[in-house]
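So the chains spell out like this:
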Amino acid sequence: MTAARFLDIHALHPTMAANLNSDESGEPKTLELGGAIRTMVSSQAWKRPIRLAVEEELDEHATRTRMVPPTVTDTLRAEGWTEDLASFAAAQIAASAKTGGLKTNPQEGHRTQAMLFLPADTARHLTQLCRTHRTTLEEGLAKQTATKKPAPALLPTDEITAQMTRRTASISLFGRMLTEIHDGHIQAAVQMAPAFTVHRSEPQPDFFTAVDDWPRPGEAGSAHLNTAYRSTGHFYRFATVNTTTLLANLNGDTTTRERATVLKGC
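Now for a description of the structure that goes with this document.

Parameters and conventions
Residues numbered from 1 in each chain as written. Predicted model: local features only at pLDDT ≥ 70, side-chain atom pairs only at ≥ 80, totals over all residues. Heavy atoms only, no water. Salt bridge = Lys/Arg side-chain N within 4 Å of Asp/Glu carboxyl O. Helix = DSSP H or I, 4+ residues; strand = E, 2+ residues; numbered from the N terminus. Buried < 20%, exposed > 50% of the residue type's maximum accessible area, 1.4 Å probe, protein only. Pairing = 2+ DSSP bridges. Core = buried A, V, L, I, M, F, W, Y, C linked by side-chain atoms within 4.5 Å. Contact = heavy atoms within 4.5 Å. Polar contact = N/O pair within 3.5 Å; in protein donor to acceptor, adjacent residues only side chain to side chain. Expected span 1.5 Å × (residues − 1). Axes fitted to C-alpha atoms, helices over the stretch in contact; angles between N-to-C directions. Parallel < 35°, antiparallel > 145°, perpendicular 65-115°, else oblique. Left-handed = near helix turned anticlockwise from the far one by under 90°. Nonpolar A, V, L, I, M, F, W, Y, C, P; charged D, E, K, R; others polar.

## Things to note about the pattern of salt bridges
Enumeration according to the criterion identifies 10 salt bridges in this entry. Residue E79 pairs with R131 through a salt bridge whose shortest N-O separation is 2.5 Å. Residue E79 is found in the loop between α2 (68-78) and α3 (83-95), and its partner R131 is found in helix α4 (residues 122-132); the two are separated by 52 residues along the sequence. Look at E79 and you get partly exposed, because its relative accessible area is 40%. We classify R131 as partly exposed; its relative accessible area is 30%. A salt bridge links E108 to R111, with the nearest nitrogen and oxygen atoms 3.3 Å apart. With relative accessibility at 36%, the residue E108 sits in the partly exposed group.

## Points about the pairing of strand β3 (residues 36-41)
Both faces of the sheet carry side chains from a regular strand, because those side chains alternate between them. The buried count for β3 comes to 5 of 6 residues, which makes it a mostly enclosed element. Direction of pairing for strand β2 (residues 30-33) relative to β3: antiparallel, over a ladder of 4 bridges. If you follow L31 over to β3, its bridge partner there is R38. Counting the residues between successive antiparallel strands, the hairpin from β2 to β3 contains 2 residues, one of them, G34, with a positive phi of roughly 65°. Relative to strand β9 (residues 195-197), β3 runs antiparallel, the two being bridged by 2 bridges. Residue pairing in the sheet places M40 in a bridge with F196 of β9.

## Topic: the nonpolar core
In terms of nonpolar packing, the biggest core is built from 24 residues, with W81, L126, C130, L137 and M164 touching the most fellow members. Those elements that place two or more of their residues in this core are α2, α3, β7 (116-119), α4, α5 (134-147) and α6 (157-164). Sorting elements by how many residues they give to this core places α3 first, with 6 residues. Discounting chain neighbours no more than four positions away, the residues touching C130 are V72, L76, W81, A89, I93, L137 and L155. Counting residues in hydrophobic clusters, the runner-up holds 16 residues, among them W46, F174, V190 and V241.

## Focus: the side chain of R176
Along the chain, R176 turns up in the loop between α7 (169-174) and β8 (190-192). Of the polar contacts made by the side chain of R176, one reaches the backbone oxygen of F117; its length is 2.9 Å. Within the structure, the side chain of R176 is placed 3.0 Å from the backbone oxygen of R166, a separation counted as a polar contact. Once residues within four sequence positions are removed from consideration, R176 is found in contact with F117, L118, M164, T165, R166, R167, I171, D183, G184, H185 and I186.

## Quick look at helix α1 (residues 43-58)
Here α1 spans 22 Å end to end across 16 residues, near enough to the 22 Å set by a 1.5 Å rise per residue. Turning to α1, its buried residues are S43, W46, R51, V54, E55 and L58. Directly beyond the C-terminal end of α1, a positive phi value near 55° is found at D59.

## Some points on the pairing of strand β11 (residues 224-242)
Strand direction decides the pairing type here: strand β1 (residues 6-18) and β11, joined by 11 bridges, are antiparallel. The residue of β11 that forms the bridge with F6 is N242. Note that β8 and β11 share 3 bridges and pair antiparallel. In the strand pairing of β11, M192 is matched with A239.

## Points about unusual backbone geometry
Notably, K148 is not glycine yet its phi reads approximately 65°, a positive angle. With a phi angle near 70°, D183 is a residue other than glycine that sits in the positive phi range. Note that D183 resides in the loop between α7 and β8.

## What to know about the packing of α4 against α6
Two elements in contact, α4 and α6, have axes whose closest approach is 10 Å; the angle formed by their N-to-C orientations is 165°. Compared by their axis directions, α4 and α6 come out roughly antiparallel. Where α4 crosses over α6, the two elements pack in a sense that is right-handed. Judged by residue contacts, T122, H125, L126 and L129 of α4 engage E159, I160, Q163 and M164 from α6. Of the residues contributing to the contact of α4 with α6, the split by class is 4 nonpolar, 3 polar and 1 charged.

In structure tokens:
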């Protein structure tokens with residue numbers, strides 16, 4: 001068994017006055033550490049822009065979405081498919097993804113209950129699959145309409161599974177929670193900690209006004225006023241990359257430019 005190898009990354013990150021990561025009340029998040037209140041940025045808040053930067057660098061994009069079936073519906077409808085057939089095709093993608101199908105909300109265009117993390121071109125490939133099996137879908141819709149009974153799964157499960165379990169570099173790096181489909185779940189190779197300021201930093205009120213450029217005669221003052229909260233400071237940021245897991249997620253492929261760039265960036 002190969003021992004895991006870890007790369008620890010420590011960074012100090014100064015920021016201007018801003019609300020980088022707000023809490024439920026709209027104020028900057030804070031934590032208490034060492035007897036002092038410090039500004040905090042959650043790991044999730046910085047993980048997304050890092051993921052997008054990786055995808056932009058490699059020109060290999062992924063998407064976190066529940067909207068794969070509705071996206072397929074929209075594309076097919078734009079190509080001239082009837083509303084019923086386009087919606088039926090999208091429902092079949094979810095129904096055929098595995099035994100028993102993926103859970104969806106029929107009242108919302110069959111959007112999936114679970115958030116899917118997939119290569120960005122997955123919807124395009126699944127749309128093509130529906131085009132290929134259009135006759136089967138038309139017959140299935142006609143039978144469902146006549147019998148008033150839900151149609152069984154009609155699309156090839158292996159082809160849908162192959163699309164939904166594909167990986168990009170960012171999926172291999174950040175992992176994917178998709179336990180409903182075999183081989184869909186991927187253990188993350190990177191762990192990021194919440195960032196916090198290395199000194200006391202409490203949110204400060206920022207009172208502001210907006211002036212109406214077209215005031216009525218005799219009117220003075222602001223058209224809008226409010227108070228926003230900002231904070232600033234030097235943030236300590238920490239992340240660790242399990243390079244062994246990353247290599248496993250990449251299936252050992254370190255030869256292509258894309259994979260080599262991911263490892264170099266880590």
